[in-house]
Each structure stands twice: as structure tokens, then as C-alpha cells.
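# Structural characterization, general
Take a look at the letters that make up each chain.
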Amino acid sequence: MLLMVTAHRSATPPSGTPKPGLRERKKLQTRQAIRRAAYRLFAERGYDATPVDRIAEAAEVSPSTVFRYFPTKEDIVLADGRDGLLEAGLRARPVDEPVVESMRQITVEALRRLTARERGELVQRVRLIREVPAVRGRTAENTARDAARLTAVLAERSGRPAGDPELRVIGAALLAALQEAMLAWVETGPEGDPAALVHQAMDVLARGLTP
């Protein structure tokens, strides 16, 4: 899961998106119940002091159910079950639009769509990524995976090979910029405007990394 587009992956589906079936809705509800119980306990007890069995008890599920949805405790923080939405958003943007602008629009729109609860969960997630080494390490793994996926979409848009070094640099730079925007937002005070920091981060990339 991308840190920056946690924002990006709101649980509220865009208008026009087909509603999921009953089975999928129940799975989503269980996933949300586990995550919300975990976030509540992390806030009360701290991440390291909160075992998975305590999370399961608070969510009223079994520990095996927790692990079925989230293979590790770090995944409770980072996995949102919505992989692919960033790539889908990028594919939906005009092909001739500069990729920096595409990422700006995708992320700002997703931030705009966040509910108050989702915004609060995003703040908590970013804080855990910043403060907990295990979560930060898993974030690095996920970012490498997401960068490869993003690079593949950039290759589609440009007609260049997916392994093109320039595309890899662009993909990594985009994700790093958005991640830093989210970290800066939480560090400077989550009552601020994260979209403004996304705009600032994308402006840096657009002008060519000149200070």
C-alpha cells in the first residue's frame, strides 16, 4: 500500500462505481472492524504493546480471522485491500497530460473525498509509519512494489519499456514526493491542509528539483 495514497484509497467508492455484492460488503466490514479496533488500541496502548489477539477480541473476531485479512500486524496499518486504485486513476487521466499533473489531480481528489473518520485514520497511519520501525520497514517494501506498478503504467502511457531507467526514476520520485507531503502534513499539524502540501510537492517535481 502506498503511504501517500492512503488518502487516495478512501473506502467510499466514486460515483458511478458498481456497488459490491453482499459477500464483498461483509468482507469489507470485517476488515474495517479489525483496522478500527487496532487503531483504537494502538492509540490507547501503543503499537508494540498491542498483540494481535487483543485486536481480535476488540473486533469480536478470532485471531485466525485477523490473520486471514492481515498476514502481519504491520499489514493492519498498511494494507487497505484496494491495490490498483492508483494505477487505475492514472490510466483514467488523459494520456497527453504531464504525469506530475495526473498524480496531483488523483491525490488531491482522493484527499477531498476522505470522510472525517478516514482522515483521522490516515493521520494515525502516517504517525505509525514515522514512529514504528517495523511499520516503516514494511512501508519501504510496499513502496518498492507500488513503484514497479506505477512504472508499468508510465510505460503504457509513453510506449517505452517498463524497465526503462528514466521511468523507474520518475515513478520512485512521484511516490517519494507524495510520501514526504503526507509526513510533512502530520508533522506540522494534521489540522492543516494536506492538499496544499501535495501541490507543493508536485510543484517541486514539475519545476525540475531546483531549490
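This text follows the structure it describes.
First, a word on scope: everything that follows refers to the structure included in this document. Keep in mind that what you see is a predicted model, and the values were worked out from it rather than measured.

The subject of this paragraph is the overall build of the protein. Assigned secondary structure in the protein consists of ten helices and zero strands. For the protein, the residues scored as buried account for 45% of the 211 residues in total. For the protein, restricting intrachain contacts to residue pairs at least 6 apart in sequence, the fraction spanning at least 24 positions comes to 71%. Accessible area of the protein: about 10800 Å², with a carbon and sulfur share of 54%.

A few words on the nonpolar core. Met-103, Leu-174, Met-182, Val-198 and Met-202 are the most contacted members of the largest nonpolar core, which totals 32 residues. Looking at this core, the elements that each hand over two or more residues are helix H5 (85-92), helix H6 (99-113), helix H7 (116-131), helix H8 (133-158), helix H9 (165-188) and helix H10 (194-207). The element that contributes the greatest number of residues to this core is H9, accounting for ten residues. With 21 residues, the next largest nonpolar core counts Ala-38, Leu-41, Val-66 and Leu-128 among its residues.

Moving on, we get to the environment of Arg-119. In this structure, Arg-119 sits in helix H7. For the pair Arg-119 and Pro-190, spaced 71 residues apart in sequence, the C-alpha separation works out to 9.0 Å. Apart from the residues within four sequence positions on either side, Arg-119 is in contact with Leu-114, Trp-185, Pro-190, Glu-191, Gly-192 and Pro-194. Among the polar contacts made by the side chain of Arg-119, one reaches the main-chain carbonyl oxygen of Pro-190 at a distance of 3.1 Å.

This part takes up the packing of aromatic side chains. The full count for this structure, using the stated rule, is one aromatic pair. Where Phe-42 meets Tyr-47, the ring centres are 4.9 Å apart and the plane angle is 50°; that geometry is what we call tilted. Across the pair, exposure class does not vary: Phe-42 and Tyr-47 are buried alike. We note Lys-73 situated over the ring of Tyr-47; from NZ or CZ to the ring centre the distance is 4.2 Å.

Quick notes on the rules
Residues numbered from 1 in each chain as written. Predicted model: local features only at pLDDT ≥ 70, side-chain atom pairs only at ≥ 80, totals over all residues. Heavy atoms only, no water. Helix = DSSP H or I, 4+ residues; strand = E, 2+ residues; numbered from the N terminus. Buried < 20%, exposed > 50% of the residue type's maximum accessible area, 1.4 Å probe, protein only. Contact = heavy atoms within 4.5 Å. Areas by Shrake-Rupley, 256 points an atom, 1.4 Å probe, with all protein chains shown as cover. Core = buried A, V, L, I, M, F, W, Y, C linked by side-chain atoms within 4.5 Å. Polar contact = N/O pair within 3.5 Å; in protein donor to acceptor, adjacent residues only side chain to side chain. Phe/Tyr/Trp six-rings, centres within 6.5 Å; stacked < 30°, edge-to-face > 60°. Lys NZ or Arg CZ within 6 Å of the ring centre and 35° of its normal.

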